[in-house]
Amino acid sequence: MHPFPLLFLIALFSFISLQVSALPLPNKTLVAPIIKDPQTSLYTITLNYREKYVIDINAPLSWRLCQKNPPSPVSCSAPQCTQARSFLSRMCPPANINNIWMKNGHCHCIVTPVNSVAKSCVPERLTYGNFNLSWTNGKNPTGVAKLNKIYYSCASKALFKSLPQGVSGVAALSRAPLSFSSQFTRGMTKKFAICLPSGEWVPGVTFFGNGPYYFLFTQFEPSKVLSYTPLLKKPNSVEYYIGLKGISINGKASKFSPNAFAFGSNGNGGVKLSTLVPYTILRSDIYKTLLNDFSNATKSIPRAKNVSPFGLCMKASALGWNLWNLMAPTIELDLGNGVMWRLYGPNSMKQIGGDVACLAFVDGGKTAREAAVIGSYQMENHFLEFDLAASRLGISPILFSYRTSCADFNFTSVV
């Protein structure tokens, strides 16, 4: 063969290989640290190297502080405007929502960013921008991922009340089409995972994509030990709900009214997950039963004066400690099909002061909207994988049982 055609073919195949390797690979995964704020007990994800956004797994739209004029306003006729406006919040005055923002003859999309902590809403303009995260091989960050044209809402300073100092906004990780969890996984598996740390001194971790995920020391891969339960869909909601059949303490089932955790005919009820609620909230009838049964299981432990918002406190030293934390009766959440979410001392008891530990569940009142809202304290040091493609939630046992924790991902970059 003439050398020129041979060289041409070599160059051609090299070019094709280069182009293929430059395409997003189906198993590529993004990673970002999670920080716990000690004052508010809220969690933030770090984007763009140093910007911190409060994680709200139920918000339909992310938002961040904008200057007076957004850099890239979105037209009222854009499909993203229709998507964002399909989740308008009733917290915002209807008159303000329906007003059209006109500038230089152009109609700008008005949306409703919400601060669910302070229960506030300020109508603002939809915009888009670029975000930087890190690619990962599951063990380390391996390079910069530049995500272009990510949609979010602008927000004014008035919307930052009750949020941690210095945050840039809120990161929505719901199943909505314009949430960060949906936009960050474009071209990848529609899946993300969160691992909330129990302390503020070392970060936890968020993954977007299909993994794998590894933790330091043991090179433990938490996706290998996940138990899966369906993510339930509530009409006209992008929030995350799961089924709950019952609750046991030390293997003994508590007695609740039939369908205590189910959705009611009015749409209320059900069991929701929340990263904004620090401690699991139970409707009064459920809370009183749990409190009574847990009290009976710990009747030999001397009591301490109750500390708000908790209804049962005791002497921590009488409970004792193991390698993980306080020893306490095991609370089992029966999710059905043999799947149990087991809560041990680190997720069921909150130590307050020197020698006081309280049951970390809260009474939500007789007319609570949900039967239960599982809070972030109960999620800490459990690896939670939100598989949006399959509409299921993967839950790991407490990571301490595998000699690791949510703070054990290696954020040291490799080249």
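Residues numbered from 1 in each chain as written. Predicted model: local features only at pLDDT ≥ 70, side-chain atom pairs only at ≥ 80, totals over all residues. Heavy atoms only, no water.

- Going by what an unreviewed UniProt entry lists, the chain is known as Peptidase A1 and is assigned to Corchorus olitorius.
- Here the chain is described in UniProt, under the heading Sequence similarities (unreviewed entry), as follows: "Belongs to the peptidase A1 family." (UniProt positions renumbered as here; feature names shortened; annotations may be inferred.)

**Regarding the overall build of the chain**
1) Next: When its secondary structure is counted, the chain shows eight helices and 29 strands.
2) Next: Split into buried and exposed, the 415 residues of the chain put 51% on the buried side.
3) Next: Counted over contacts in the chain with a minimum sequence separation of 6, partners at least 24 positions apart contribute 69%.
4) Next: Accessible surface for the chain amounts to roughly 19600 Å². Of this, 55% is attributable to carbon and sulfur atoms. (Helix = DSSP H or I, 4+ residues; strand = E, 2+ residues; numbered from the N terminus. Buried < 20%, exposed > 50% of the residue type's maximum accessible area, 1.4 Å probe, protein only. Contact = heavy atoms within 4.5 Å. Areas by Shrake-Rupley, 256 points an atom, 1.4 Å probe, with all protein chains shown as cover.)

**Re the nonpolar core**
Nonpolar side chains tend to gather and get buried jointly when the protein is soluble and globular.
1) Next: If you look at the biggest cluster of nonpolar residues, it comprises 66 residues, and the most contacted ones within it are Phe184, Ile194, Ile242, Leu273, Leu333, Trp341 and Phe386.
2) Next: Among the elements that take part in this core, strand 11 (residues 141-155) stands out by supplying five residues, more than any other.
3) Next: Not counting residues up to four positions away in its chain, the partners in contact with Phe184 are Leu30, Leu47, Leu133, Leu147, Ile150 and Phe208.
4) Next: Counting 13 residues, the second largest nonpolar core, distinct from the first, contains Val31, Cys195, Val205 and Phe215. (Core = buried A, V, L, I, M, F, W, Y, C linked by side-chain atoms within 4.5 Å.)

**Considerations on the packing of aromatic side chains**
1) Next: Taken as a whole and assessed by the stated rule, the structure comprises 24 aromatic pairs.
2) Next: With centroids separated by 6.4 Å and ring planes inclined at 75°, the aromatic side chains of Tyr53 and Phe180 adopt a geometry described as edge-to-face. One end of the pair, Tyr53, is in strand 3 (residues 51-56); the other, Phe180, is in helix 4 (residues 180-183), with 127 residues separating them in the sequence. Each member of the pair, Tyr53 as well as Phe180, carries the same accessibility label: buried.
3) Next: Pairing Phe192 with Phe386 gives two aromatic rings, centres 4.8 Å apart and planes at 0°, and the pair type is stacked. One end of the pair, Phe192, is in strand 13 (residues 191-195); the other, Phe386, is in strand 28 (residues 383-387), with 194 residues separating them in the sequence.
4) Next: Taken together, the aromatic side chains of Tyr53, Phe131, Tyr152, Phe180, Phe184, Phe192, Phe208, Tyr240 and Phe386 make up a single cluster linked through ring pairs.
5) Next: When the ring centre of Tyr214 is taken as origin, the NZ or CZ atom of Lys139, which lies over that ring, is 5.2 Å away. (Phe/Tyr/Trp six-rings, centres within 6.5 Å; stacked < 30°, edge-to-face > 60°. Lys NZ or Arg CZ within 6 Å of the ring centre and 35° of its normal.)

**Quick word on unusual backbone geometry**
1) Next: Pro212 follows Gly211 through a cis peptide bond whose omega is 10°.
2) Next: Cis geometry marks the peptide bond from Ser308 to Pro309; its omega dihedral reads 10°.
3) Next: Take Pro309: it is sitting in the loop between helix 5 (284-297) and strand 21 (313-315).
4) Next: Although it is not a glycine, Tyr49 adopts a positive phi angle of roughly 75°.
5) Next: You can see Tyr49 is positioned in the loop between strand 2 (43-47) and strand 3.

**Section: empty space enclosed by the protein**
1) Next: Applying the stated criterion to the full structure yields three cavities of 30 Å³ or more.
2) Next: Estimates place the volume of the largest cavity at around 60 Å³.
3) Next: When residues of the lining of the largest cavity are traced back to their parent elements, those giving at least two are strand 20 (280-282) and strand 27 (372-374).
4) Next: Class assignment of the residues belonging to the lining of the largest cavity gives a composition of eight nonpolar, two polar and no charged. (1 Å grid on protein atoms, 1.4 Å probe; cavity = no way out; pocket = protein on both sides within 12 Å on 5 of 7 lines; lining within 4 Å. Points joined across faces, edges and corners; volume = space filled by probe spheres on them. Nonpolar A, V, L, I, M, F, W, Y, C, P; charged D, E, K, R; others polar.)

**Comments concerning the state of the cysteines**
1) Next: Under the defined criterion, the tally for this structure stands at six disulfides.
2) Next: Across the disulfide from Cys76 sits Cys107; the S-S distance is 1.8 Å. Taking the torsion about the sulfur-sulfur bond, which here is approximately -75°, the covalent link between Cys76 and Cys107 counts as left-handed. Highlighted residues: Cys76 in the loop between strand 4 (63-65) and helix 2 (79-85) and Cys107 in strand 6 (residues 106-108), separated in sequence by 31 residues.
3) Next: Taking relative accessible area as the criterion, Cys107 reaches 21% and is therefore assigned partly exposed.
4) Next: There is a disulfide in this structure between Cys195 and Cys406, and the S-S distance comes to 2.0 Å. On the sign convention where negative means left-handed, the S-S torsion of about -75° between Cys195 and Cys406 marks this disulfide as left-handed. Taken as a pair, Cys195 in strand 13 and Cys406 in the segment after strand 29 (392-395) lie far apart in primary sequence, 211 residues in all. For the residue pair Cys195 and Cys406, the accessibility class agrees, reading buried in each case.
5) Next: Ordinal numbering of bonded cysteines along the chain defines a disulfide pattern of 1-8, 2-5, 3-6, 4-7, 9-12, 10-11. (Disulfide = S-S within 2.5 Å.)

**Side note on the sheet that holds strand 17 (residues 246-249)**
1) Next: Taken together, the four strands give an open sheet; going across it, the order is 18-17-22-23, and neighbouring strands pair in antiparallel fashion. Here the strands that pair on one side only, and so sit at the sheet edges, are strand 18 (252-253) and strand 23 (339-343). (Pairing = 2+ DSSP bridges.)

**Quick look at the environment of Lys234**
1) Next: Along the chain, the position of Lys234 falls in the loop between strand 15 (227-232) and strand 16 (241-242).
2) Next: C-alpha of Lys234 to C-alpha of Gly270: the two residues are 36 residues apart in sequence and 8.9 Å apart in space.
3) Next: The contact partners of Lys234, leaving out residues within four places of it in the chain, are Tyr241, Phe263, Gly267 and Arg369.
4) Next: At a separation of 3.0 Å, a polar atom in the side chain of Lys234 contacts the main-chain carbonyl oxygen of Gly267. (Polar contact = N/O pair within 3.5 Å; in protein donor to acceptor, adjacent residues only side chain to side chain.)

**Some remarks on the layout of surface pockets**
1) Next: For the largest pocket, the calculated volume is near 1300 Å³.
2) Next: Along its surface, the largest pocket is lined by 39 residues, and Met91, Ser116, Glu239, Lys272 and Arg369 are the ones closest to its centre.
3) Next: By residue class, the composition of the lining of the largest pocket is 21 nonpolar, nine polar and nine charged.
4) Next: There are two domains that each give the lining of the largest pocket at least three residues, and those are domain 1 (29-209) and domain 2 (222-402).
5) Next: Along its surface, the second largest pocket is lined by 22 residues, and Ser198, Asn325, Pro346, Tyr377 and Glu380 are the ones closest to its centre.
6) Next: Classifying every residue of the lining of the second largest pocket by side-chain character gives ten nonpolar, seven polar and five charged.
7) Next: Domain assignment of the residues forming the lining of the second largest pocket places at least three in each of domain 1 (29-209) and domain 2 (222-402). (Domains from an automatic or database assignment.)

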